[in-house]
Amino acid sequence: MNFKIKGTDGKARVGELILKRGLIKTPAFMPVGTAATVKAMLPENVKALGADIILCNTYHLMLRPGENLINNLGGLHKFMNWERPILTDSGGFQVMSLSGLSRKSEEGVEFRSHIDGKKYFLSPEYSIKIQKTLGSDIIMCFDDCASFQSKKNDVADSMKRSIKWALRSKEEFELTNSGILFGIQQGGIHKDLRDESIKRLLDIDFQGYAVGGLAVGEPQAEMFKVLDSTADKFPNNKPRYLMGVGKPDDIVGAVLRGIDMFDCVLPTRSGRTGQALSRRGPINIKNSKHKKNSSPLDPDCNCYTCLNYSRSYLHHVFKSGEIISAILLTWHNLYYYQELMNDIRNAIKNKKLIEYSKEFYKLQNSRDLL
Ligand SMILES: [Zn+2]
């Protein structure tokens, strides 16, 4: 792995993360391909829209179709026809949030599959083994993510357990040489716990660092407060990834605070539920006021959807439950996210990120396309 910072503007950084399977321009947005597909999109389209890397999900893939089947068919990249880098999450977040009954111990988490109720056990060692079997490029430590409602004592316990699991994840990771490993900071919205988490992760030493346990229901101001006191405590020469974030305005705010990588289901999920995201805020295509509107979603957008289709058509295909509705809206949303990242990178290069963000927030709040 090679991570080069090409420029800075305040705490924001523009750079390149170079991995065996390709170069990732940072700040980067990773589309989410939960079950080995970015829903409604062909891999070549995801690439053409500007994604250098996507995220896949250990929890979902271990349950169905299973990591060994994928490995026998040549690994995850070949299986899903995506040649560029893939980051896999560890499954830690999903076993707690998606599975039925789960039981946590120091050893790991026992849980029942949300698909067929079958019992599984996931530990730091097993999570890392699965991610390696899949052939992941960026492997995440198995962590324990406390819910936003948890009391501080419970958040502290989760953070401490995450550190022990991070150490075990690294020991397992080092047994064979493949991919790179990121550590995950926990600690909720508590500065002292976040500080302790970073300090102990730095002692273990990782190739990149993630901020976990945010975007779990806390207000944006709380998230930014954590980043204000956190982001610049990670080493300058390593990538920083804010997990599961976020809305366009979350991303701009987090880049201003020193974050380099993001992932979120929002552009793809919204694409399937009738919401377009744009530089002028979200557009709800379900709304009947679009029924006879011949304008594109966003007249300033140059994506395939905006160049070729009216709001009237998009409203019609959504209302009719046509598959093309999900394709066209997801296309626009992913294009918009990658354009956003491109604009952010250029603004940092030109040391104009503050000016860019002021204009960005003004347009987002104008909502004049709604
Ligand atoms: Zn568009």
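Notes on the structure follow. Predicted model, so just to flag it, every value in this text is computed and none were measured.

### Thoughts on the coordination of the zinc ion
1) Next: The zinc ion binds to the protein through Cys301 (SG), Cys303 (SG), Cys306 (SG) and His332 (ND1), with metal-donor distances spanning 2.1 to 2.3 Å.
2) Next: Mapping the donors of the zinc ion onto the primary sequence yields the spacing C-x1-C-x2-C-x25-H. Here the residue cysteine 301 occupies a position in the loop between β16 (283-284) and α12 (304-308), and histidine 332 occupies one in helix α14 (residues 323-349), the gap between them amounting to 31 residues.
3) Next: Overall, the relative accessible area of 3% leaves cysteine 301 in the buried class.
4) Next: For histidine 332, a relative accessible area of 1% corresponds to the buried category.

### Structural notes on the packing of aromatic side chains
Aromatic ring pairs are defined here through the distance separating the ring centres and the angle between the ring planes.
1) Next: Applying the stated criterion to the full structure yields 12 aromatic pairs.
2) Next: Each ring, one from tyrosine 59 and one from phenylalanine 111, has its centre 5.6 Å from the other, and the planes form 40°; the classification is tilted. With tyrosine 59 in helix α2 (residues 58-63) and phenylalanine 111 in strand β8 (residues 109-112), this pair connects stretches of sequence that are 52 residues apart.
3) Next: Put simply, the rings of Tyr304, Tyr309, Tyr313 and Trp331 touch in pairs and so form one group of aromatic residues.
4) Next: Directly above the aromatic system of phenylalanine 173 lies the positively charged group of lysine 132, at a separation of 4.6 Å from the ring centroid.
5) Next: Between the NZ or CZ atom of arginine 257 and the centre of the ring of phenylalanine 224, over which it lies, the distance is 4.0 Å.

### Focus: the sheet that holds strand β2 (residues 12-19)
1) Next: Across the sheet, three strands lie side by side as β1-β2-β3; this open sheet has antiparallel pairing. The strands lining the two open edges of the sheet, one partner per strand, are β1 (2-9) and β3 (22-26). In this sheet, neighbouring strand axes are inclined to one another by 10° on average, regardless of whether the strands run parallel or antiparallel.
2) Next: By the bridge criterion, five bridges tie β2 to β3 in an arrangement that is antiparallel. Following the sheet pairing, leucine 17 is matched in β3 by isoleucine 24.

Thresholds, definitions, all that
- Residues numbered from 1 in each chain as written.
- Predicted model: local features only at pLDDT ≥ 70, side-chain atom pairs only at ≥ 80, totals over all residues.
- Heavy atoms only, no water.
- Donors = N, O, S within 2.8 Å, 3.2 Å for Na, K, Ca; no water.
- Helix = DSSP H or I, 4+ residues; strand = E, 2+ residues; numbered from the N terminus.
- Buried < 20%, exposed > 50% of the residue type's maximum accessible area, 1.4 Å probe, protein only.
- Phe/Tyr/Trp six-rings, centres within 6.5 Å; stacked < 30°, edge-to-face > 60°.
- Lys NZ or Arg CZ within 6 Å of the ring centre and 35° of its normal.
- Pairing = 2+ DSSP bridges.
- Axes fitted to C-alpha atoms, helices over the stretch in contact; angles between N-to-C directions.

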